[in-house]
Amino acid sequence: MQIYFQLIWAYLKIGIFGFGGGYAMLSLVQKIVVEPGWISETMFTDIVAISQMTPGPIGINSATYIGFVAPGSINPAFQGIFWGLLGSCLATLAVSVPSFFLVLYSSHFIRRHSESGAIKAIFSGLRPVVVGLIASAAILLMNSANFNPNGIQWQLWVNILICALAFCLAYFPVKRGEKKIKIHPIFIIILAGIAGYLIYGL
């Protein structure tokens, strides 16, 4: 049962110190769940992809998934639906409850002191930090598990091309008649999935 206490403690820390949203806390999540050997680096990047594609915050989605698979990967006695669901519930509650109370209190405090110069100065310092944390998450995901898991050179370049095309489709608007529209991220995900199946699945 030790793994369940470890899951609770790990996600309590993530829930308390994971500032800046899902992507900003990815480096903290990676350090806490990958380094102890609960999941592999490849599985971690898969979890990030699945968490991003499914509804809900990436931090909670990844906690639910990791809570399900970690007990069985550490101890074969904990393999099965019951033990996985137990880990999912504990990890999800551990990551969300501290955040709930922190946001509840801080929103009340900020609303009361919104015109305070000290509060405005604090937020001026926090904004670039959050950008830096998100940038570190982007660099963290630029690894061989994402771009070249099989060690095949042509797959590396194909994956880089898919990444670049996805960025361009998401960032730059497409001209349609007199209007410029941005392609919806869900459509980009579907296109990437189809491309992956055609390239690697056939």
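Residues numbered from 1 in each chain as written. Predicted model: local features only at pLDDT ≥ 70, side-chain atom pairs only at ≥ 80, totals over all residues. Heavy atoms only, no water.

Quick notes on the pattern of salt bridges
Then, number 1: The full count for this structure, using the stated rule, is 1 salt bridge.
Then, number 2: Across the pair Lys31 and Glu35 runs a salt bridge whose closest N-O atoms are separated by 3.7 Å.
Then, number 3: The exposure class assigned to Lys31 is partly exposed, which follows from its relative accessible area of 49%. (Salt bridge = Lys/Arg side-chain N within 4 Å of Asp/Glu carboxyl O. Buried < 20%, exposed > 50% of the residue type's maximum accessible area, 1.4 Å probe, protein only.)

Quick notes on the packing of helix α4 (residues 58-74) against helix α5 (residues 81-112)
Then, number 1: Contact pair α4 / α5: the axes reach a minimum separation of 7 Å and the direction vectors enclose 145 degrees. Crossing geometry of α4 relative to α5 is assigned as right-handed. Between α4 and α5, the contacting residues are Ile60, Ala63, Thr64, Gly67, Phe68 and Pro71 on the first element and Ile81, Trp83, Gly84, Leu85, Gly87, Ser88, Ala91, Thr92, Val95 and Ser96 on the second.
Then, number 2: In terms of residue class, the contact of α4 with α5 is built from 9 nonpolar, 7 polar and no charged. (Axes fitted to C-alpha atoms, helices over the stretch in contact; angles between N-to-C directions. Helix = DSSP H or I, 4+ residues; strand = E, 2+ residues; numbered from the N terminus. Left-handed = near helix turned anticlockwise from the far one by under 90°. Contact = heavy atoms within 4.5 Å. Nonpolar A, V, L, I, M, F, W, Y, C, P; charged D, E, K, R; others polar.)

Things to note about helix α3 (residues 41-53)
Every α-helix carries 3.6 residues per turn, so stepping three or four residues along brings you back to the same face.
Then, number 1: In a regular helix each residue adds 1.5 Å, so 13 residues correspond to 18 Å; α3 covers 19 Å between its end C-alpha atoms and thus fits that length.
Then, number 2: Looking only at α3, the buried set comprises Phe44, Thr45, Ile47, Val48 and Ser51. Buried residues of α3, seen end-on, are gathered within an arc of 155 degrees and therefore sit on one face of the element.
Then, number 3: Check the buried side of α3 and you find it contacts α2 (26-33), α4, α6 (117-140) and α7 (144-147).
Then, number 4: Two to three positions downstream of the cap, the backbone nitrogen of Met43 sits 3.1 Å from a side-chain oxygen, assigning the N-cap of α3 to Ser40. (Expected span 1.5 Å × (residues − 1). Arc of directions from axis to C-beta. Polar contact = N/O pair within 3.5 Å; in protein donor to acceptor, adjacent residues only side chain to side chain.)

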